[in-house]
Amino acid sequence: MPETLTTTDPRTGTRSDTGIAPTSGDEVAVIVARAKDAAQEIASRSRAWRARLLDGLADSLEEHRDRLVSTAETETGLTAARLEGELSRTTFQLRLFGEAVREGGFLEAAIDHATETPLGRQPDVRRMLVPVGPVAVFGSSNFPFAFSVPGGDTASALAAGNPVVVKAHSAHPLTSKVSYEALRAGAERVDAPEGTLGIVFGQQAGVTLVEHAAIAAVGFTGSLGAAQHLRAAIEGRPRPIPFYGELQSVNPLVITEAALRARGAEIAVGLSSSITASGGQLCTKPGIAFVPAGDAADQFARRLGDAVGASDPGVLLNERVLASFGESVASLEAAPGVIALTGATTPDGTGFSVAPRVLRVQARDLTTAHTIEAFGPLVLVVDYHDVDELAVALAQVPHSLTATLHVEDTDLGRIVELLPVLQEASGRIVFNGYPTGVRVSWAQHHGGPWPATNTVHTSVGVTAIRRFLRPLAWQNAPETLLPEELRDDFAEIPRRVDGALITTSRSGGS
C-alpha cells in the first residue's frame, strides 16, 4: 500500500491521516488524457451550456456549504465566518463568469469583410478568442475556496471553455477533496464530459502534471520558490506553455501629513484590522506603512501597537508558514535601525499561533533588507520627513499587488509626483482604504509587476478569463465552417465589424 497523505489542524498541531494516496504518474496521465478528450467536447458546446455549468458548480458548492466550511476550518485554522464569506465570494464569482459567458464580449469577436483598400483588394478576415486546452491549477493555502480547487483560476479556465486539472494543496487535502466532489456533482447535473474536472494529490504529481504534453497552461498562487520549481519543470517541456503566477507582495501604504492629523486614530485601527485579519495571511496585506515623522507619528505608532497588541493571536496555516514567518521576523528585527513596538511573546498552546508584530524604522535607514514579505500578522512602520525621502524609501520596496494612499484634499497636490512611482510599482492603487478584500467585478485587477506576479493579467475579476484563451483568425472561410459568433447574421454578442463596435442592442440581438 502506498503511503497516504496527512493533514494537520493548525489550531492544535494535531496531525491525522487522510486516507488519500498520492496520485501516481500513470494516474496523472489518465486524468490528463480525459481532460484532453473533454476539451474537444467542451469546445463544441454552446456558451449557454457553459454558463449553465458555472451556475451548476455554484449551486452544488452552496448545497455542500456546511461540510466544506467545517472541513476547511479544521485544516486551515481560519474562522467559520471568514470561510463562509470566502465560499460566498467563490459562488458569486462562478455566477458572474456565467453572466460574462452569456454576454460574450470576452471573445473579442471581430470581422473585416473582403473589400478594396488603398493597398488593393483585401481578404475576409474574422477573429475571436478560443480555449487553449486543459489547464493545470495550483491553489493557495490561505484561500481554500477562493484560490484553490473551486477558486478563481478554475472558474476562469472553465469560463474560457477549458477542462481543469487541479493539484490539491498539501495543507488542506481533505478540503480539496470535498470541494472537488462538490464540483463534480454540479458538473454531472449538466452532463459535463467526464474529464471536465480532475484532481491530483502529492508534490510529485504536481510536477508530473505540468510536464504533461496535453496541459496547455498553468495557473498558480503561492510562494516564489514553489513557482520557480514549477517553472523549471515547464521549461523542460518540448513545447513551452504559459505560467500565470501570483507570487509575493509587500503592498506599501502611505499616510500623508494631513491625513495623519485628520484621521490618525481611525487609520491606526483600520490598519491593525487589515494586517491581523486571517492571521495576516492575505496576499494584499499592507506589510509596510509610511508615516510623516514627528509627534503625530509617535502617537500613531503607539495607537497601532496598542490595537495590534489587543488583537487575538494569529493562527498560521501550517508549519511551513510558521517557520517562514519566524525567519522573516528575525530577519527584520536584525535589520539596521529597527525597533519593536509590540512584544515577541509567543502564545501558549501547541498549535501554530503567533503574536502580531509591529516594527518601526526611519526612512533614511530603509534598505531592501527591511522590505521582505512577512506572510503573517506583521507591519513595519517607516517614518519619513518629506516627499523626496519618501520616494527614495519607496524605491526599496519590491513591486507589489497594491499600493495604498491615505490623503486629504488639502495635500493632493503634494502627492501628484508620487503617483507615477506607485503606478509603476503596483497593480492597484487604493485611496483612503485598505487593500485587503478584493472585489470580484469587471473592473478589478489583481496582479502587479514582478515579483508580485509574472504576467500583466489579473487573477480576479472577469478579465481573468483572458489568460486561458488564445486568438484565432479565419481568412476567407466558408460561413458554415465558422463559429456561430463570427457569422454575419449572428447578433447576440458585441462584435467589431469592419472597424465599428456593434453592440447587441444595436444589432438586434437580445
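You'll find the structure just up there.
In this text, all values refer to a predicted model and were calculated from it rather than measured experimentally.

*Asks:* Any chance you could break down unusual backbone geometry for me, citing the residues and the numbers?
*Replies:* Here the bond from Trp450 into Pro451 is cis, since omega is 10°, no more than 30 degrees from zero. Tracing the chain through its elements places Pro451 in the loop between strand S20 (426-431) and strand S21 (469-475). Although it is not a glycine, Glu108 sits at a positive phi angle of roughly 55°. Following the sequence through the fold, Glu108 ends up in the loop between helix H4 (80-103) and strand S3 (110-112). Taking the relative accessible area as the measure of exposure, Glu108 reaches 37% and is therefore partly exposed. Of note, the phi angle at Ser278 is positive, near 55°, even though the residue is not glycine.

*Asks:* Run through the pairing of strand S10 (residues 217-221), naming residues and quoting values.
*Replies:* Along S10, five of the five residues are buried, which leaves the element largely enclosed by surrounding structure. Residues Ala217, Gly219 and Thr221 point to one face of S10 and Val218 and Phe220 to the other, with burial holding for every one of them. Direction of pairing for strand S7 (residues 135-138) relative to S10: parallel, over a ladder of four bridges. Across the sheet, residue Ala136 finds its bridge partner in S10, namely Val218. Sheet analysis places S10 next to strand S11 (residues 243-246), joined by four bridges and oriented parallel. For Phe220, the partnering residue across the bridge sits in S11 and is Gly245.

*Asks:* Can you lay out helix H12 (residues 387-394) for me, pointing to particular residues and giving the numbers?
*Replies:* For H12, every residue scored as buried is listed here: Leu390, Ala393 and Leu394. Projection of H12 onto a plane perpendicular to its axis shows the buried side chains occupying an angular sector of 95°, all on one side. Opposite the buried face of H12, at more than 90 degrees from it, the exposed residues are Asp388 and Val392. Buried-residue contacts for H12 involve strand S12 (252-255), strand S13 (288-292), strand S18 (378-384) and helix H14 (419-425). The opening residue of H12 is Asp386, an N-cap whose side-chain oxygen sits 3.2 Å from the backbone nitrogen of Asp388.

*Asks:* Please set out the sheet that holds S11 residue by residue, giving values where relevant.
*Replies:* With respect to topology, five strands assemble into an open sheet ordered S9-S8-S7-S10-S11, the strand pairing being parallel. Edge positions in the sheet fall to strand S9 (197-200) and S11, since each of these pairs with one other strand and no more. Across this sheet, the average inter-strand angle for adjacent strands is 15°, counted without regard to direction. Packing of helix H5 (residues 152-159) onto the sheet brings it into contact with S7, strand S8 (164-167), S9 and S10, and relative to S8 it is tilted by some 170°.

*Asks:* Any chance you could break down the nonpolar core for me, citing the residues and the numbers?
*Replies:* Phe290 and Ile465 are the most contacted members of the largest nonpolar core, which totals 101 residues. Contacts of Ile465, omitting those with residues within four sequence positions, involve Phe97, Ala100, Phe106, Ser156, Ala159 and Ala160. In terms of nonpolar packing, the next biggest core, distinct from the first, is built from 24 residues, Phe138, Ile215, Ala233 and Ile241 among them.

*Asks:* Would you mind going over the environment of Gly151 in detail, with residue names and values included?
*Replies:* Relative to the elements of secondary structure, Gly151 occurs in the loop between S7 and H5. In this structure, the C-alpha to C-alpha distance between Gly151 and Val137, residues 14 residues apart in sequence, is 9.3 Å. With residues near it in sequence (within four places) discarded, Gly151 still touches Gln93, Phe145 and Ala146.

*Asks:* Explain the pattern of salt bridges to me, and be specific about the residues and the numbers.
*Replies:* Tallying each qualifying case throughout the model produces 25 salt bridges. Put simply, Arg184 and Glu188 hold a salt bridge, and the shortest N to O gap is 3.4 Å. One end of the pair, Arg184, and the other, Glu188, are both in helix H6 (residues 173-189), four residues apart, so they sit about a helical turn from each other. Several salt bridges converge on common partners, so that one network encompasses Glu62, Arg65 and Glu84.

Rules and cut-offs
- Residues numbered from 1 in each chain as written.
- Predicted model: local features only at pLDDT ≥ 70, side-chain atom pairs only at ≥ 80, totals over all residues.
- Heavy atoms only, no water.
- Helix = DSSP H or I, 4+ residues; strand = E, 2+ residues; numbered from the N terminus.
- Buried < 20%, exposed > 50% of the residue type's maximum accessible area, 1.4 Å probe, protein only.
- Pairing = 2+ DSSP bridges.
- Arc of directions from axis to C-beta.
- Contact = heavy atoms within 4.5 Å.
- Polar contact = N/O pair within 3.5 Å; in protein donor to acceptor, adjacent residues only side chain to side chain.
- Axes fitted to C-alpha atoms, helices over the stretch in contact; angles between N-to-C directions.
- Core = buried A, V, L, I, M, F, W, Y, C linked by side-chain atoms within 4.5 Å.
- Salt bridge = Lys/Arg side-chain N within 4 Å of Asp/Glu carboxyl O.

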